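Structural overview
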Amino acid sequence: MDSPASAQPVPPAAPVTPDRRRVAGAAALASAVEWYDYFIFGIAAALVLGDLYFPADNPTAGVLAAFATFAVGFLARPVGGIVAGQLGDKKGRKPMLVLALTVMGLATTGIGLLPTYETIGVAAPILLVLLRIAQGVAVGAQWGGAMLLATEYAPEGKRGIYGSVVQLGVPIGVVTANSVFLAAGALTSDSAFTSWGWRVPFLVGLLVLILAWYIHTRVEETPEFRQAEQALAEKEKREQNSPLRTILRGHLGTVLLAGGSFAVNTATFYILITGILDYTTRELGMARGPVLAVSLCVSLTQLVLIPASAALSDRVGRLPVYAAGAAGIALWAVPLFLLVDTGSLLWLAVGTFVASCFLSIMYGPQAALFAELFTPQMRYTGASLGYQIAAVAGGGLAPFLMVLLLEATGTSMAVSGYIIALSLLALLSIRSLAKKARARGE
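Quantities reported herein were computed from a predicted structural model and do not represent experimental measurements. (Residues numbered from 1 in each chain as written. Predicted model: local features only at pLDDT ≥ 70, side-chain atom pairs only at ≥ 80, totals over all residues. Heavy atoms only, no water.)

Now for the packing of aromatic side chains. In the structure shown here, the tally under the stated rule is 7 aromatic pairs. Between the aromatic rings of W198 and F202, the centroid separation amounts to 5.7 Å while the plane-to-plane angle is 80 degrees, which identifies the pairing as edge-to-face. By relative accessible area, which is 0% here, F202 ends up buried. When the centroid spacing of 5.2 Å and the interplanar angle of 35 degrees are considered together, the rings of F262 and Y387 count as tilted. Here the residue F262 occupies a position in helix α13 (residues 252–283), and Y387 occupies one in helix α17 (residues 379–396), the gap between them amounting to 125 residues. Residue classification places Y387 among the buried positions, given a relative accessible area of 4%. Taking the ring centre of F41 as reference, the NZ or CZ of R132 above it sits at 4.5 Å. (Phe/Tyr/Trp six-rings, centres within 6.5 Å; stacked < 30°, edge-to-face > 60°. Buried < 20%, exposed > 50% of the residue type's maximum accessible area, 1.4 Å probe, protein only. Helix = DSSP H or I, 4+ residues; strand = E, 2+ residues; numbered from the N terminus. Lys NZ or Arg CZ within 6 Å of the ring centre and 35° of its normal.)

This next bit is on the nonpolar core. Of all hydrophobic cores here, the largest spans 126 residues; its most connected members are F181 and F370. No other element matches the 19 residues that helix α1 (residues 20–53) contributes to this core. (Core = buried A, V, L, I, M, F, W, Y, C linked by side-chain atoms within 4.5 Å.)

Our focus in this paragraph is the side chain of Q302. Among the structural elements, Q302 can be located in helix α14 (residues 288–316). Side-chain polar atoms of Q302 contact the side chain of S356, separated by 3.3 Å. (Polar contact = N/O pair within 3.5 Å; in protein donor to acceptor, adjacent residues only side chain to side chain.)

Moving on, we come to the pattern of salt bridges. Throughout the structure, instances matching the rule amount to 5 salt bridges. With its nearest N and O atoms 3.1 Å apart, the salt bridge here joins E283 to R282. Classification of R282 as partly exposed rests on a relative accessible area of 27%. One salt bridge in this structure joins E372 and R318, with 2.8 Å as the shortest N-O distance. One end of the pair, E372, is in helix α16 (residues 345–372); the other, R318, is in helix α15 (residues 318–340), and 54 residues separate them in sequence. Judged by its relative accessible area of 1%, E372 falls in the buried class. Overlapping salt bridges, with partners in common, bring together D278, R282 and E283 in one network. (Salt bridge = Lys/Arg side-chain N within 4 Å of Asp/Glu carboxyl O.)

So, in structure tokens, the structure goes:
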């Protein structure tokens, strides 16, 4: 039987332990550095990777190729979620998180050291794609592990706020990635930035290996997994079953609804931090530095809004808060691009700030919501699959589709229509999840 996902979530209490805050802090930091490594690729794709690794006579073609490589990482994320989910539900949350951090650190450093097309020819884009795939597998494995370390250590009635510390890794990663790129651009000339300055943010990613070692040596496995481990082992021995098989046979609908509910959030997020960066600098002629600064400042507001919405969900339930965010995104999709199209930094900041507020309202309770959709024996697998399906359907394709829509229609309103369509899918999915919860009497 699935755990609650509705208006009054009452998660089981974790044993009292002095390690709760340390574990939550480690999970949040793991999320932040992992997302930093992942996001810097998107920024680089919007600014330099097209010219360096996919040279073409048409600049739009180079950007499309770079964004296609960006999307490849999303296609790999379900693979990481499935593999880590299976092993994480059997062997523990911590080992999979450590492995994910290690793979991400090595792949990101590899991108920073990778020669360009001019140096090694066609091998350069091929290797770039392979390293991006490794990043995708790593981040697909990471989210479930970090999220469960935090939520399964949470005291009673605080799963939402504990889960939100992992969600904070996203804005922290965005802020850090933008800050490092801003610093690299400010300290180098345009030619030096294109030559080597853009590599510095990738080489910083090597520090993630230090965090992987810390979690491996200092963080204990979650109480809920330890309680579920013996029961799962006995069930597998008796039924020759696995968490993935259990999900596919009895809970696939819940996974798909979870993915459908979240696709608009991840799509809009990547449109804000990557698609709009390309659009404003290449199409509207705005300067790179100020646009990055706006993105950085807007992301800082999420550090307040994400835990606030998560705390609210601990009081009134996950789904009402989650649905309010999805509805807000739908209503703001058209005003967002009307403001961006002015070419004004002020209106760009206003448009992206309001959009970011609605994203935060959804994102805060999302970790706890997805954790509560599944029992501990299949939670890593189920929650990861739902999240990564949304990442593929929404985030991975969003910047690529944005460029295609702009080229095909000549108007940013086509991108607004794409966001609205995903918002409606989210609201329908949330409604179905609420019906499932009521049918179970929750």
